[in-house]
Each structure stands twice: as C-alpha cells, then as structure tokens.
Amino acid sequence: VGRRVQAERQRQRPGRQRRAGAASQALHIMNAQVIQLEDGWNKLKTGGVLKIEEILEDASGGVYKHRISTDEYSQLYTTVYTMCTQKPPNNWSEPLYNNYCEAVIDYLTARILPRIKEKHDEAMLRELVRRWENHKTIIRFLSHVFKYLDRFYVKRLSLPELAEVGSQKFLEIVFNAVKREVRTAILELVRRERECEQVDKQLIKSVIDIFVEMGGSRASLETYATDFEEMLLSTTADYYSRESAKWAGNDSFPEYMRKAEDRLKQEQDRVANYLHSSTEEKLLKVCEEQLLQNPEQQLLEKEHSGCEKLLLDNKTEDLSRMFRLFSRIPTGLPPIANIVRKHITDVGLALVKKQSVNAEGDLMPYVQELLDIHDKYTELVGSGPEKGCFQGHNIFHKAMKEAFEVFVNKDIGKSATAELLSNFCDNLLKKSGERLSDEALEDKLEKVVRLFGYLFDKSTFSQFYRNQLAKRLLLAPSEVDSAERSMIAKLKLRCGAQFTSKLEGMVTDMNLSQDIQSAFAEHVKDKELELDTDLTVQVLTTGFWPTYKSDELNLPKEMLQCIETFKAFYDLRTSHRRLRWVHSLGSATVVGKFTPSGKSKEHDLLVSTYQACILLLFNEADSMTFSDIQGHLNLPAEELKRYVLSLCVGKYKILTKDPAGKEVAPTDKITYNAAFSDRARRIKVPMIAAKITQEEKDATRATVDEDRKHAIEAAIVRIMKTRKSLDHQKLVLEASTQLMRHFKPDPKQIKKRIEDLIHREYLERDPSNPNLYKYLA
C-alpha cells in the first residue's frame, strides 16, 4: 500500500524530490514508459488472475501452499494504475474492464462449472460451497488490484462494480446451471433430517447462504425466495399432509398434538439452524395449515379422545396444549369454543334435570353445585396469559357465559334460580347461618355474584334479596355487618346504583335508627319519664323496605305506654311523617319466674313481640284456652297457632298444651309451665318456622311484575323524550337494551306498555305511519 501511494504521488508531482533507493528508481522507469494493452494484460493475467486461481486450486483444508507477495501485489496494482492513467490513445481503462469481465467468465465456464457438475448430491453441495468461497476470494483480490478502475472509470460511466460483476457472472454461469440439482439435494437433506437422520447442518446453511447472496449487493431475497423457498414450502406441505393423515388415523388426539407440537418446534429450530429468518413465518404457516387447520374438525371430534373427552376427563395438560396449538391458526379457536359451550351446557342441564326430581327438598346443595361447576370452568378458561387452559381468551369467556345462561335460568320445580341464589346468600349472611371466616365469606359472596351475572331475571333476585335483607337487619339489629355492605357493593358494581338504591336505603335506615334511639334515650332522661320497660325502636322508610301486613294486635299496657311515649317524641322531631307499627318484626326480652322442684328460678327469655304478648297474658292467669288468647290479642288464628306452638311443643316448653300434639283447637287449654328449667339463664326461644308458601312467592313475583311495568314505561319515555320520534322495532330494541341489565323484557310486554302510554297520552302514532311513534311533551 505504501508503494502504491508513493507511485501515485510521483505521478502527480513529477518535480518533487524522490527518496533514493532501487525500488523508487525502478518505479520511476516503469512510470516513464508507456504500457501497451497486450503487455499489461498478460502481466495482470499471469501474475494476478491465473496465479490466484492456482493458489486457491492447490489449497487444502484452508491452508495455502503459495501466496502472492506484497511486492507482486504492488506491481499488479501499479500496472493497472499506469494503464488507466496513460493519455489517449494509450488509456486502457475500457479494455481492462472488458478483459476483467471476460477473465471471470472464462474462469467460471472452464474451471468452476465442470468441477461442480461432475459431482452429485452432498458432494456437489460441498464442491459448490468451496468454489463459491474461492470465487469470492478471487473477486475480492482482483477488486483490490483493479481498484483504480472502480474508483474512476466505473464510477464515471456508472458501470457495475467489479465485485458485483463477479457475483453476477457466478449467478448467470454457475448458479443458474446447477440450482435445480442443488435445490433437490438440499430438500433431500431436509427430508432426511425430518425423518430423524443426522445431516450436515453447516453444509445446508452454507448452501442456503449462497441462495441469499445471489440476491446481489442490495441484499434482495428474490433469488432465495423464487429458486428455493417456494419449493421448500411446497414439499413441506406435501410431507406434513402425509404425516398428518397417518397420525390422525393411528394416534389419539393427545398423541397427535404432542407430535404436532414437537414438529412445529423442530421447524422453528430448522429456521434458526440454517434457513433464512424470513422463512420462519411462511414455513410455520404451511406446517400449521397441514397439521392443525386441515384436520382440525376430525381431530376435535375423535370418538374416544377428542375435545369433548378431554373436557369430561379434565385433562388440563392436553387442553392447554390444544389451546396453544390451535390459537396459532386464525380459524382454530371457534370450533373448540363451540364444543366447550356445548359441554358446559350439557353438564349444567344434567344437574338441573337431576335436581328437578327432588324439587321439593333442600335446594341449597344445588346452588353449591352450580358454584362448584362455575369454579371448575372459570379455572379451566383462566383469567389471563399463563392462567388456565385457555388463558382467559375472550371467545371462551363468551362460550362459558352463553352456556351458563342456558341452565342457570332454568327453574327447579316452582323455584327460580334467582330465588335460590337469594336464599343461599341469606344462609351465608344471617347470624345463625354457616360460620365462615371473613375471607371465605367474601370469596363465596363474590362467586354468588358472578353466578348472579348470568341471570336474565335479576329483578326477581332483587325482590327476594330485599325481603331477606330486611329480616336479617331487623332480627339481628346490631351494627350492620361489613359482609352485608360488601354484598351490596358487589351488586352495585355489576348492575348500577339504581339496582341497589333500596338496599342501600335499608342499611342507611338502620344507622339512622341508632341515632334516633340515642336521642330518644336522652329525651326520656331529660323529661324524667318512667317507662315500664326498656324500648328500642327502628324507624324504617316505607319506600325502601318490603311491604308488611298491618295487624290489630292488642298490646299489653307495658308496651302500649312505651309506644305512645316514643310517638310523642317522634312527632316533636319531625312533621308530616306518620308512624305505622309493624309488630311482626319486633322482639322482646321477658323475665320468666319458674319453680322447678319447688325452687325459684329465673330465665331471660328472648322472644318475638307476639310471643312476649302471649307470655304476658299468663301474669293474669295460669291457664286459658286458645280462643281466650285469641280474644285478648286479636290475632288471626293461623298465625297465632304458630306462636303458641313455639312456646308449647318446641325445644323450650315454657307453656303446656292439653291435649298434647301439634294441632291446636279453640278449646285447647294452654297452661303456664311452672316446672320449666334449663341450664342456661338466657334462652332464645325459636319460632316454628313458617314455610314460605306458594302464595307468598306469587306475591313476590307479582310485585316484581308491577315494578317491571314501571321500569319498561320509564325506559320508553326516556328514549322517546330524547329521540322525539321512533319506529316500533327500534323503540323495542333500544328499550330491551336498556333493561337487559336488570331483566330480559318480553317484546309483548314492551308493546303492551307502549299501548298504555299512548292511551295515557305520553305518545301518539303518526297518522300516516302506524309503526312510527311521537313523543307528546
């Protein structure tokens, strides 16, 4: 390089003093002489082109027996430089360029191509790789020797650079002549590797790299894609089509999936080992199409090992693999989701059918089974990536939702699931119910609310839940439980504030009642009033609470005095409010004095208001008939029987009945049991539980239906007020959409409410189009 630079400087500055030395003198003499084309080219061909060819030809295992010295290289470069910088007609730039091209062509035609074509299969591939590496070395060397051509002549005339000419000629003369045989040999090696034979991966990679490099200096993959990749994809499709058919016929679905997953991994590794990275997506797509997409339906429906069988046997590992595989193809998941939907629906309907046989029994285990099924399939579907077999994919959440909506909305006998879910919550939340830790209770309530989400009839649940919440709040009037608040918050989150407004109002009433009670106690103290007994009152807002029957109970004087005192106090605090006493929800603590074995003994009896009224009658007489008690209290006979029996034939026999038995006649004699005794001082006397009659259920449903009428009308008016005019179908659709959060309205109900609103002059029909409604302001 130093000599080359020196030569250039000498040529450019002939008057400058040169360094002494034999080499410089020789260079000066050469520069001074004109080099003829034939002489110069012979020197370049013999000392450069042919010599480098011979060196590479004689090389063995990457070891060169001969080399071109720096002086030889420098002389070659200087020769090219001189021939290109001589003045016309001795400027040989163009002939040199042409001679270079012809030399490359001759070399490739005479020496390289025959050597490659005389060999076959792997030997041919190795020869091709060796010849291509040699060719690149020759071109690299000659490009340096002829660098001056590239820098000036080629650049000035916009000709292909020398290195590019070398690659292009290899493509045209050698590569195009042998590419079919080469491709066939590579594809055979790939096939053998797929058959688990050992192959030379580095050799395949080297040949593939040649296909890529044939794209030229612009790194185009056109040659690779056209001459190799297309055939690779085609043979891959054929290979896996045959493999798929063989596996599908012989193997179970899980075995097939294991093989398919393994093969897809092998193909990914194959790309990493020797194919171009751009092939990965296309290759995997072909494999997925043949291994998964084409045989999917056949695989999923395999009789003893298909998707349905995997779900029945809860094969989570196989189900996870199925999801991983079939999520790779665009149409892979919908058929699986359909099978999952059908499976869950079948499981649920089987449970409904089984329970319907025992529709009159305890239905709480049925609700627990529903929760267990929901837990199972929620875990199966999963909640996100890497969680559950189906990783929380939306299509499976949708399938599960649709399946549960089918059987959760089936009635068991005469009981709707909405009612059963409410009863289940009642068992969990009432003080005497199942004892759970706070975390376990919270978890179970959350599961109930998720199941509640599938109900079309949410308003029925709301009505039953409200009735039961009322009893829980009033019969255990301590501070409102955090679990109650949590449950209301969950329902509010799912259905909106309107759905829980009454429930929240009930809880608020209980808190306000505590404040009123404190104020009443202060009032009694300040006024120095003396009451015959302590009194605790809960003041409830009529609009929030269920409707309770009024009675004409004749209260004992002790209670009557307390009530009148509280009424006077309340009237002072508020105006325009009227108190209506609901004694059926009240409770009392009565001190009972007994003489078991002649010894005096007292018990604190925790009883309902009605039971207390019955017991207080026996302060006046030790015994009386049932008709006498009814006459004193003025209660309906059927209701009074329950309260009397709870004191006579229950766990604690505070009274006795003659004749004994669970039937009560007007003439039956009820007597104070002076011999009553129990270990506990404080006794909670249970009621004879009144079964919820079908009439009460029907009454609840009638209330729900009435509420729905108002909800439908309100939705219609809201829509029409905004839209001013709307045709029938759109109005029904919009109203249904608004109401779906609370219940599934029947289009006939909506039509009936529209007619009623027209009659009441909220809407009118368009005179020219009976299907068009207009809002009347």
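Up top is the structure.
Procedures and definitions
Residues numbered from 1 in each chain as written. Predicted model: local features only at pLDDT ≥ 70, side-chain atom pairs only at ≥ 80, totals over all residues. Heavy atoms only, no water. Pairing = 2+ DSSP bridges. Helix = DSSP H or I, 4+ residues; strand = E, 2+ residues; numbered from the N terminus. Buried < 20%, exposed > 50% of the residue type's maximum accessible area, 1.4 Å probe, protein only. Core = buried A, V, L, I, M, F, W, Y, C linked by side-chain atoms within 4.5 Å. Contact = heavy atoms within 4.5 Å. Lys, Arg positive; Asp, Glu negative; His and termini not counted. Salt bridge = Lys/Arg side-chain N within 4 Å of Asp/Glu carboxyl O. Expected span 1.5 Å × (residues − 1). Polar contact = N/O pair within 3.5 Å; in protein donor to acceptor, adjacent residues only side chain to side chain. Axes fitted to C-alpha atoms, helices over the stretch in contact; angles between N-to-C directions.

(A) Region of the structure containing the pairing of strand β2 (residues 601–608). With eight bridges joining them, strand β1 (residues 587–594) and β2 adopt antiparallel strand pairing. Within the sheet, the bridge partner assigned to Val591 lies in β2 and is Asp604. Adjacent in sequence and paired antiparallel, β1 and β2 are bridged by six residues, among which Ser597 carries a positive phi angle near 55 degrees. Sheet topology places β2 next to strand β6 (residues 682–684); three bridges connect them, and they run parallel.

(B) Summary view of unusual backbone geometry. With an omega of 10 degrees, the peptide bond between Pro88 and Pro89 qualifies as cis. Its location among the elements puts Pro89 in the loop between α4 (70–85) and α5 (93–117). For Glu761, which is not glycine, the phi dihedral falls at a positive 65 degrees. Structurally, Glu761 can be placed in the loop between α30 (747–759) and β8 (763–766). Looking at Glu761, the relative accessible area reads 61%, which means it is exposed.

(C) Spotlight on the nonpolar core. In terms of nonpolar packing, the biggest core is built from 159 residues, with Phe146, Ile186, Met322, Phe390, Phe461 and Met487 touching the most fellow members. The leading source of residues in this core is helix α8 (residues 162–194), at 14 residues. When neighbours within four sequence positions are excluded, Ile186 is seen to be in contact with Leu125, Ile204, Val207, Ile208, Phe211 and Phe228. Within the second largest apolar cluster, 36 residues are counted, among which are Val590, Val607, Leu617 and Ile654.

(D) Structural view of the side chain of Lys302. Along the polypeptide, Lys302 turns up in the loop between α13 (296–300) and α14 (307–312). Despite its burial, Lys302 pairs with no opposite charge, the nearest such side chain being Asp251 at 7.9 Å.

(E) Examining the side chain of Gln355 more closely. Looking at the element boundaries, Gln355 is found in helix α16 (residues 333–356). The residues touching Gln355, leaving out its near neighbours within four places in the chain, are Asp362, Leu363, Tyr366 and Ile412.

(F) Helix α9 (residues 201–213), seen in detail. The terminal C-alpha atoms of α9, which comprises 13 residues, lie 18 Å apart, in line with the 18 Å expected from a rise of 1.5 Å per residue. The elements touched by buried residues of α9 are α6 (121–145), α8 and α10 (222–250). You can read the cap of α9 off the contacts: a side-chain oxygen lies 3.2 Å from the backbone nitrogen of Gln202, and it is on Asp200.

(G) Highlighting the sheet that holds strand β7 (residues 725–727). Strand order across the open sheet formed by three strands is β7-β9-β8, with antiparallel pairing between neighbours. With partners counted over all chains shown, the strands left at the sheet margins are β7 and β8, one partner each. Neighbour-to-neighbour, the strand axes of the sheet open up by a mean angle of 35 degrees, direction not taken into account. As defined by bridge partners, β7 adjoins strand β9 (residues 769–775) across three bridges and the pair is classed as antiparallel. Paired with Asp727 across the strands is Leu772, a residue of β9. Contacting β7 and β9, helix α29 (residues 728–739) runs over the sheet at an angle of about 95 degrees to β7. Seen against the sheet, α30 touches β8 and β9 and runs at an angle of roughly 100 degrees to β8.

(H) View of the sheet that holds β6. Strand order in the open sheet formed by three strands is β1-β2-β6, and the pairing between neighbours is mixed. The outermost strands of the open sheet, each flanked by one partner alone, are β1 and β6. Going across the sheet, the axis of each strand differs from the next one's by a mean of 25 degrees, ignoring polarity. Helix α25 (residues 609–617) contacts β1 and β2 of the sheet and is inclined by roughly 135 degrees relative to β2.

Purely geometric numbers; function is a separate question.
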